[in-house]
Amino acid sequence: MVVGIGTGSTANHFIDLLAGMKGKIDATVASSVASAKRLQGHGIRVLDLNEAGQLSLYVDGADESNEHLHLVKGGGGALTREKIVAGASEKFVCIADDSKLVKVLGKFPLPIEVIPMAQALVAREMVKLGGNPVLREGFTTDNGNIILDILGLEIIDPVALENRINQIPGVVTNGLFAIRPADVLILGALTVSGRWDKWALR
Ligand code: DER
C-alpha cells in the first residue's frame with residue numbers, strides 16, 4: 001500500500017518505526033518537506049500525491065481531538081498539506097497522547113494558513129468570530145504563506161466553523177479537521193504503574 005505520512009513529533013516516531021518495515025509498503029506520500037526528508041533519509045520511497053492516486057491510509061498526530069474525532073491540527077504549520085493528504089486517504093488514523101482528548105476544541109490556538117496580503121483582513125474577520133489572532137512570527141509554510149494562530153475560541157460546532165473560516169478570502173485552510181475527521185484515534189496514556197498503555201476510539 002501507499003501510506004500518507006503526517007508531520008510533527010508523533011509522525012516522526014511513526015516514520016522511524018516504518019523504517020524497520022519498509023518491505024511491507026510500496027511507497028509513501030509526505031505532508032511536509034520535513035517529513036519527506038526524514039522518510040528519504042531512511043531510504044523510504046516518497047511519491048508526489050498526483051502520481052500516487054488514492055491512498056489506503058493516512059497516519060498523523062493532532063493537537064486536540066474531541067470524542068467525535070474532530071481535530072485541531074497545524075501546531076507544526078503543515079495543516080494544508082496534511083488536510084490534502086488526509087482527504088486523499090481511505091482511512092485516517094490519528095495517534096496522540098491522552099492529554100489531547102478534550103470535551104470542547106479551542107484551548108489549543110487554532111492555526112489558519114493565510115496568503116500574506118490577506119493577513120489583516122483574515123485577522124479582522126476572526127475577531128468578529130470571537131477569536132484573538134496572533135501572527136506566528138518568523139514562520140513561513142511549505143506553500144510560502146503565513147500562519148495566524150487564533151486564541152480564545154470555544155469551538156462548539158467544528159464542522160460549521162471549519163466551513164465558515166474557509167469562506168474568508170485569503171484563507172488557504174484552517175486547522176479544523178471536522179468535515180473529514182479521523183477514522184480512528186489511538187491514545188497513549190501513562191498508567192499508574194508508569195507504563196505506557198494505549199486505547200483506541202472507533
Ligand atoms: O502540526 C500538526 O498538524 C501536527 O500533526 C500536530 O497536529 C501533532 O504534532 P505532534 O505530533 O508534534 O504533537
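Residues numbered from 1 in each chain as written. Predicted model: local features only at pLDDT ≥ 70, side-chain atom pairs only at ≥ 80, totals over all residues. Heavy atoms only, no water.

A. Focus on the packing of aromatic side chains. One pass over the structure, following the stated rule, counts two aromatic pairs. With 6.4 Å between their ring centres and 65 degrees between their planes, F92 and F177 make a pair best called edge-to-face. Of this pair, F92 sits in strand β6 (residues 89–97) while F177 sits in strand β11 (residues 176–177), and the two are 85 residues apart along the sequence. Taking relative accessible area as the criterion, F177 reaches 1% and is therefore assigned buried. Feature note: the residues Y58, F92 and F177 constitute an aromatic cluster, connected by ring pairs. Here the guanidinium or amino end of K83 rests over the ring plane of F177, the centre of that ring lying 5.2 Å away. Over the aromatic face of F139 sits the side chain of R136, whose NZ or CZ is 5.3 Å from the ring centroid. (Phe/Tyr/Trp six-rings, centres within 6.5 Å; stacked < 30°, edge-to-face > 60°. Helix = DSSP H or I, 4+ residues; strand = E, 2+ residues; numbered from the N terminus. Buried < 20%, exposed > 50% of the residue type's maximum accessible area, 1.4 Å probe, protein only. Lys NZ or Arg CZ within 6 Å of the ring centre and 35° of its normal.)

B. View of the domain arrangement of the protein. By the assigned domains, the protein splits into domain 1 (2–102 + 182–187) and domain 2 (110–175). Between domain 1 and domain 2, the C-alpha centre-to-centre distance is 22 Å. Taken together, the contact between domain 1 and domain 2 spans 15 residues of the former and 18 residues of the latter. A buried area of about 1200 Å², summed over both sides, lies between domain 1 and domain 2, and 52% of it is on carbon and sulfur atoms. Contact with domain 2 buries surface across domain 1, with L79, T80 and K83 losing the most and accounting together for 42% of the total. Scanning the region where domain 1 abuts domain 2 turns up one salt bridge. Here K83 and E162 are joined by a salt bridge, their closest N and O atoms 2.8 Å apart. Our count for the contact surface shared by domain 1 and domain 2 stands at 10 residue pairs in polar contact (both at pLDDT 80 or more). Secondary-structure elements contributing two or more residues to the side of domain 1 that touches domain 2 are β5 (71–72) and α4 (79–87). Here the element with the most residues in the side of domain 1 that touches domain 2 is α4; it accounts for four residues. The residue makeup of the side of domain 1 that touches domain 2, split by class, is four nonpolar, eight polar and three charged. (Domains from an automatic or database assignment. Contact = heavy atoms within 4.5 Å. Buried area = accessible area lost by both parts, 1.4 Å probe. Salt bridge = Lys/Arg side-chain N within 4 Å of Asp/Glu carboxyl O. Polar contact = N/O pair within 3.5 Å; in protein donor to acceptor, adjacent residues only side chain to side chain. Nonpolar A, V, L, I, M, F, W, Y, C, P; charged D, E, K, R; others polar.)

C. Region of the structure containing the site of the ligand. Inspection of the region around the ligand gives 14 residues, with T7, S9, T10, G76 and E82 positioned closest. Between an oxygen atom of the ligand and a side-chain N or O atom of K73, the distance comes to 2.8 Å. The separation between an oxygen atom of the ligand and a polar main-chain atom of G76 is 2.6 Å. Taking 350 Å² as the accessible area of the ligand by itself, protein coverage stands at 89%. Class assignment of the residues belonging to the shell around the ligand gives a composition of one nonpolar, eight polar and five charged. (Near = heavy atom within 4 Å. Areas by Shrake-Rupley, 256 points an atom, 1.4 Å probe, with all protein chains shown as cover.)

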